[in-house]
Structures are given as C-alpha cells and as structure tokens.
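What follows is each chain in one-letter form.
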Amino acid sequence: MEASEASHQIIADLLEARTGQHLTESRRWRVNSALAGIFRQHGISNVDQLVCLLAAPPGGPEGTDLAQEVVEALLNNETYFFRDKPTFDQLPGEILPELAARRRDVRRLSIWSAGCSTGQEVYSLAMLFCEQAERWHGWTVDIIGTDVSHRAINTARSGLYSQFEVQRGLGVTQMLRHFDETPRGWQVRGDVRAMVRFAQGNLLTAPHPGRLAFDLVLCRNVLLYFDRQVRHDAFERLSRAVLPDGFLMLGAGETVVGQTDRFVPTQRRASFFEPAGSPAPAAVRKIA
C-alpha cells in the first residue's frame with residue numbers, strides 16, 4: 001500500500017471510530033477537497049502531512065483538537081428546511097394527528113431528531129406546531145436534536161441562518177412569520193425556539209442518560225453512511241428510543257426491510273416505520 005493510500009485509510013478509520021460512519025471507496029475522492037480548509041490553516045499540502053500531525057505526541061501543538069477538526073470537515077451536513085417536502089407533509093397530515101389521538105390523555109409529545117445537522121429539521125418540526133397553535137394549545141411538546149458535529153450543533157443552537165439557508169425550503173410567508181431579519185442573518189423567533197433543544201451526541205449512544213423514550217424519532221439520511229453491522233447496531237439503539245406505539249421516520253428511499261427486524265413499515269406511509277410486534281400502551285421506558 002502506498003503512503004497516500006495508508007494515510008487515507010487512517011483518516012477513514014478516524015472518522016469511523018468517532019462517528020460510526022464508513023468512508024467507502026466511492027466517497028474517498030472528496031477527502032482532499034473536504035480537508036482543504038485544514039490544509040490551509042495548518043500550512044500543509046496533503047493527507048500524508050496531516051496524518052503526521054495527527055500522530056504528534058499528546059501535549060504538542062496538534063493532537064485531539066486537530067482530529068476533531070478533521071472529523072467535522074468530513075461530515076456531510078447537507079440539510080434544509082422541510083427537506084423532502086412530500087414525505088415531510090405526512091407529519092402534519094397523518095402522523096401527528098394519530099399521535100395526538102394516542103396521547104390525548106397526557107397531552108405531551110416528545111420528538112428526537114437524530115443527526116439533526118445545523119438544526120433546520122428540528123425548527124421545521126417546531127414550525128408545524130406553531131402554525132397549528134390552536135390545535136396544540138395546552139400540550140407540552142419537547143423536540144430535541146442531536147448531532148455528532150459540535151460545529152453543527154452550535155449553529156443549530158444559535159438559530160441564525162443566512163439568506164441562502166432560509167430560502168431553501170421556506171416560502172416568504174414562513175420566513176416572515178418565524179424569523180426576524182438581523183444584520184447577522186435571519187434569526188429564528190422565540191416561540192419556535194422555545195420548544196426545541198440541541199445536544200452533541202452520537203447516534204450509537206443514548207441522546208441523554210436516563211432520557212425517556214420518544215413518540216417520534218427522525219433519523220433521515222444518517223444510516224446511509226454506516227456499514228451493515230453499524231447500521232444494525234443503530235437500529236437496535238433506535239428500537240429502544242421509540243415507544244411501542246410511536247414512529248420512526250427515515251429518509252426518502254431508506255427502509256428497514258432486510259436491515260433489521262426491530263421495525264416494520266407502516267401502511268401506505270412512505271418512510272415511516274413502527275416497532276415490530278403488536279401495538280402496546282405507551283408505557284414509559286428508559287433508553288438503555
């Protein structure tokens with residue numbers, strides 16, 4: 001194996017160790033372009049030199065922070081508001097009303113967006129509830145977004161987006177209803193931000209120690225980057241995160257068929273899945 005090939009493998013192993021994502025041969029072409037900013041910042045010209053810096057003894061000028069920079073640069077944070085709208089529209093049209101009927105006695109919903117990137121998916125969910133404020137009056141709605149990227153979570157927490165970002169997926173009416181234009185960009189308004197929380201976390205670990213299971217979990221276009229065994233482990237984790245009568249939402253084109261026996265497709269609803277087995281009362285369970 002040539003030195004550059006060995007270096008690329010070290011970078012791939014680092015990404016997988018930190019995030020579970022598998023850098024396939026078909027994705028390795030983008031490594032150099034993804035790391036271009038790090039090359040410039042540290043005055044290096046190729047992956048071989050980067051790997052040498054990563055191997056520097058602890059306590060030196062490089063090390064752990066550089067490794068995290070590399071991981072962050074390689075992550076795919078592509079997202080936008082109301083992504084895959086035909087699929088997303090099933091939430092207010094069918095899924096949320098069904099959950100409302102199941103939770104009418106407790107009037108509480110808990111939603112987890114796993115791999116939320118820079119927060120657009122989480123805020124899109126919150127906007128759905130704000131736009132149906134009368135229907136959800138008296139309900140407690142808790143939406144948490146997690147992502148392995150510290151940088152992405154910081155952006156999500158800020159709720160501040162550029163003109164380009166707010167125009168992706170939002171109409172003018174929604175922009176003006178849910179955002180304030182500021183000198184720094186478009187700021188999500190307080191009523192939307194009030195129902196959301198963000199935390200850095202890996203899908204393969206619990207979002208929070210002792211967190212209750214969720215009525216709805218969104219995990220869209222995350223499992224695509226895992227190899228088969230890691231994807232199996234992720235489904236095991238997700239199965240403990242969804243209440244017995246809750247829902248799992250995957251990305252358009254993703255499925256559980258042939259991947260896990262923990263979930264089954266819902267009837268006539270693309271991208272939505274239910275825990276396998278007969279529906280059970282929404283008992284409170286802990287995520288292991």
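Fair warning: this is a prediction, and the values are worked out from it, not measured in the lab. (Residues numbered from 1 in each chain as written. Predicted model: local features only at pLDDT ≥ 70, side-chain atom pairs only at ≥ 80, totals over all residues. Heavy atoms only, no water.)

Caption draft 1: Region of the structure containing the overall build of the protein chain. In terms of helices and strands, the protein chain carries 13 helices and ten strands. Considering the protein chain as a whole, with its 288 residues, one finds that 49% of them fall into the buried category. Of the contacts made within the protein chain by residues no fewer than 6 positions apart, 74% connect residues no fewer than 24 positions apart. Of the accessible surface of the protein chain, which amounts to about 13800 Å², a share of 52% is contributed by carbon and sulfur atoms. (Helix = DSSP H or I, 4+ residues; strand = E, 2+ residues; numbered from the N terminus. Buried < 20%, exposed > 50% of the residue type's maximum accessible area, 1.4 Å probe, protein only. Contact = heavy atoms within 4.5 Å. Areas by Shrake-Rupley, 256 points an atom, 1.4 Å probe, with all protein chains shown as cover.)

Caption draft 2: Spatial organisation of the environment of Ile 44. You can see Ile 44 is positioned in the loop between α3 (36–42) and α4 (47–54). When residues no more than four places from it in sequence are discounted, the contact partners of Ile 44 are Phe 39, Gln 49, Leu 50 and Leu 53.

Caption draft 3: Up close: the packing of helix α7 (residues 90–102) against helix α8 (residues 120–131). In the contact formed by α7 and α8, the axes pass within 11 Å of each other and the chain directions differ by 75°. Of the possible angle classes, the one that applies to α7 and α8 is roughly perpendicular. Contacts between α7 and α8 pair Leu 91, Pro 92 and Leu 96 from the former with Leu 125, Leu 128 and Phe 129 from the latter. Residues of the contact of α7 with α8, tallied by class, amount to six nonpolar, no polar and no charged. (Axes fitted to C-alpha atoms, helices over the stretch in contact; angles between N-to-C directions. Parallel < 35°, antiparallel > 145°, perpendicular 65-115°, else oblique. Nonpolar A, V, L, I, M, F, W, Y, C, P; charged D, E, K, R; others polar.)

Caption draft 4: Structural context of the confidence of the model for the protein chain. With 90% of its residues at a pLDDT of at least 70, the protein chain reaches an overall mean of 87. Across residues 280–288, confidence stays below pLDDT 50; counting only partners more than four residues off in sequence or on other chains, it has 30 contacts. (pLDDT = per-residue confidence, 0-100.)

Caption draft 5: View of the sheet that holds strand β7 (residues 214–219). Taking strand neighbours across the sheet as the criterion, the seven strands line up as β6-β2-β1-β7-β8-β10-β9 in an open arrangement whose pairing is mixed. The strands lining the two open edges of the sheet, one partner per strand, are β6 (196–200) and β9 (263–265). Each strand of the sheet is rotated relative to its neighbour by a mean of 25°, with strand direction disregarded. In terms of strand pairing, β9 meets strand β10 (residues 272–275) through three bridges, oriented antiparallel. In the sheet register, Val 264 faces β10, and the bridge partner there is Glu 274. Packed on one face of the sheet, α7 meets β1 (108–114), β7, β8 (242–250) and β10 and runs near 170° to β8. Contacts between helix α13 (residues 228–241) and the sheet are confined to β1, β7, β8 and β9, with β8 contributing the most and set at about 130° to the helix. (Pairing = 2+ DSSP bridges.)

Caption draft 6: Spatial organisation of helix α9 (residues 150–158). Every buried residue of α9 is listed here: Ala 152, Ile 153 and Ala 156. In an axial view of α9, the angular spread of the buried residues amounts to 95°, which keeps them on one side of the axis. One side-chain oxygen at the N-terminal end of α9 lies 3.4 Å from the backbone nitrogen of Arg 151; it belongs to Ser 149. (Arc of directions from axis to C-beta. Polar contact = N/O pair within 3.5 Å; in protein donor to acceptor, adjacent residues only side chain to side chain.)

Caption draft 7: Fine view of the pattern of salt bridges. The final tally for this structure, using the stated rule, is 13 salt bridges. Notably, a salt bridge pairs Asp 84 with Arg 220, separated by 4.0 Å at the nearest N-O pair. Within this pair, whereas Asp 84 is found in the loop between α5 (64–74) and α6 (85–88), its partner Arg 220 is found in the loop between β7 and α13, the two being separated by 136 residues in sequence. For Asp 84, a relative accessible area of 22% gives the class partly exposed. The class of Arg 220 is buried, set by a relative accessible area of 8%. (Salt bridge = Lys/Arg side-chain N within 4 Å of Asp/Glu carboxyl O.)

Caption draft 8: Region of interest: the nonpolar core. If you look at the biggest cluster of nonpolar residues, it comprises 41 residues, and the most contacted ones within it are Leu 91, Ile 143 and Leu 216. Excluding anything up to four places from it in sequence, Leu 91 contacts Leu 96, Pro 97, Leu 125, Leu 128, Leu 216, Leu 218, Met 249 and Phe 272. One finds Val 222, Ala 241, Leu 248 and Val 256 within the second-largest nonpolar core, a separate group that totals 21 residues. (Core = buried A, V, L, I, M, F, W, Y, C linked by side-chain atoms within 4.5 Å.)

Caption draft 9: The arrangement of the side chain of Thr 118 in detail. Tracing the backbone through its elements, the reader meets Thr 118 in the loop between β1 and α8. A polar contact is formed between the side chain of Thr 118 and the side chain of Gln 120, at a distance of 2.7 Å. Other than its neighbours up to four places away in sequence, Thr 118 contacts Thr 79, Ala 152, Thr 155, Ala 156 and Tyr 161.

Caption draft 10: Spatial organisation of unusual backbone geometry. Within the chain, Phe 82 stands out as a residue other than glycine whose phi angle is a positive 55°. Phi is positive for Ser 117, close to 55°, though the residue is something other than glycine. Tracing the chain through its elements places Ser 117 in the loop between β1 and α8. Using a relative accessible area of 5% as the deciding quantity, one classes Ser 117 as buried.

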